[in-house]
Amino acid sequence: MLDEVDILMITYNRPEYTELSLRRLLETSDEKVRVWLWHNGTHEPTLSVIKKYENHPRLHKFHHSKENVKLTEPTNWLWKNAVGAYVGKVDDDCLVSS
């Protein structure tokens, strides 16, 4: 627990970017990393991308909010539930260095 990391990614209506960034985040995360994924909205193309990764071992939790609640609610969700020594956030249009 002392070196575990919880990372939040919030997605919204960006299937192409979500595909690239979520895949890279999961591929570059080791067993000490838990990815918390929050999706805003009902955009089916983006949800389809997310569903491809729902059983990935690094995807710790997924939350679907039909409303676009922006940043505060997802961040509070992470703060309330994360147990890692470190927390972070990766946007759905960022690529983690490999």
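Structure first, text after, so check above.
What you see is a predicted model; the values in this text were computed from it and never measured.

(A) Structural view of the environment of V83. Note on placement: V83 falls in the loop between α3 (72–81) and β4 (86–91). We classify V83 as partly exposed; its relative accessible area is 46%. Each C-alpha atom of the pair V83 and L2 lies 9.4 Å from the other, and the pair is 81 residues apart in sequence.

(B) Seen up close, the sheet that holds strand β2 (residues 33–40). Pairing is parallel across the open sheet formed by four strands, whose spatial order is β3-β2-β1-β4. The open sheet has two free edges, formed respectively by β3 (59–65) and β4, since each of these has just one partner strand. Recorded for the sheet is a direction-independent mean angle of 20° between the axes of neighbouring strands. Pairing geometry for β2 and β3, over six bridges, is parallel. Across the sheet, W36 pairs through a bridge with K61, a residue of β3. Sheet strands touched by helix α1 (residues 15–28): β1 (5–11), β2, β3 and β4. Its angle to β1, the strand with the most contacts, is close to 170°. The strands touched by α3 within the sheet are β1, β2, β3 and β4, with β2 carrying the most contacts at an inclination of about 150°.

(C) Seen up close, the nonpolar core. M9, L22, L25, L26, V35 and L37 are the most contacted members of the largest nonpolar core, which has 13 residues in total. Those elements giving two or more residues to this core turn out to be β1, α1, β2 and α2 (44–52). In this structure, L22 is in contact with M9, L37, I50 and Y53, ignoring residues within four places of it in sequence. Counting six residues, the second largest nonpolar core, distinct from the first, contains L8, I10, W38 and W77.

(D) Expanded view of the pairing of β2. Counted residue by residue, β2 has eight buried out of eight residues, so it is predominantly covered. Side-chain alternation along β2 places V33, V35, L37 and H39 on one buried face and R34, W36, W38 and N40 on a second face that is also buried. Where β1 and β2 come together, seven bridges link them in parallel fashion. Residue pairing in the sheet places L8 in a bridge with W36 of β2. The parallel pair β1 and β2, bridged by α1, forms a crossover whose chirality is right-handed.

Conventions used here
- Just so you know, the residues in each chain are numbered from 1, in the order the chain's sequence is written.
- pLDDT decides what is reported in this predicted model: residues at 70 or higher carry local features, side-chain atom pairs at 80 or more are listed and counted, and totals for whole chains, interfaces and linings draw on all residues regardless.
- As a rule here, side-chain values cover all heavy atoms of the structure and leave hydrogens and water aside.
- Comment: elements are numbered from the N terminus, with helices defined as DSSP H or I runs of at least four residues and strands as E runs of at least two.
- Each residue is placed in one exposure class: buried if its accessible area under a 1.4 Å probe, protein chains only, is under 20% of its type's maximum, exposed if it is over 50%, and partly exposed if it falls in between.
- Whether two strands pair depends on DSSP finding at least two bridges between them.
- Inter-axis angles, ranging from 0 to 180 degrees, are taken between N-to-C directions of lines fitted to C-alpha atoms, where helices are fitted over the stretch in contact.
- What makes two residues a contact is simply this: any of their non-hydrogen atoms within 4.5 Å.
- In this description, a nonpolar core means a group of buried Ala, Val, Leu, Ile, Met, Phe, Trp, Tyr and Cys residues linked to one another through side-chain atoms lying within 4.5 Å.
- Handedness is read with the strands pointing away from the viewer; a crossover is right-handed when the path from the first strand over the helix to the second is clockwise.

Taken by themselves, the reported measurements are silent on function.
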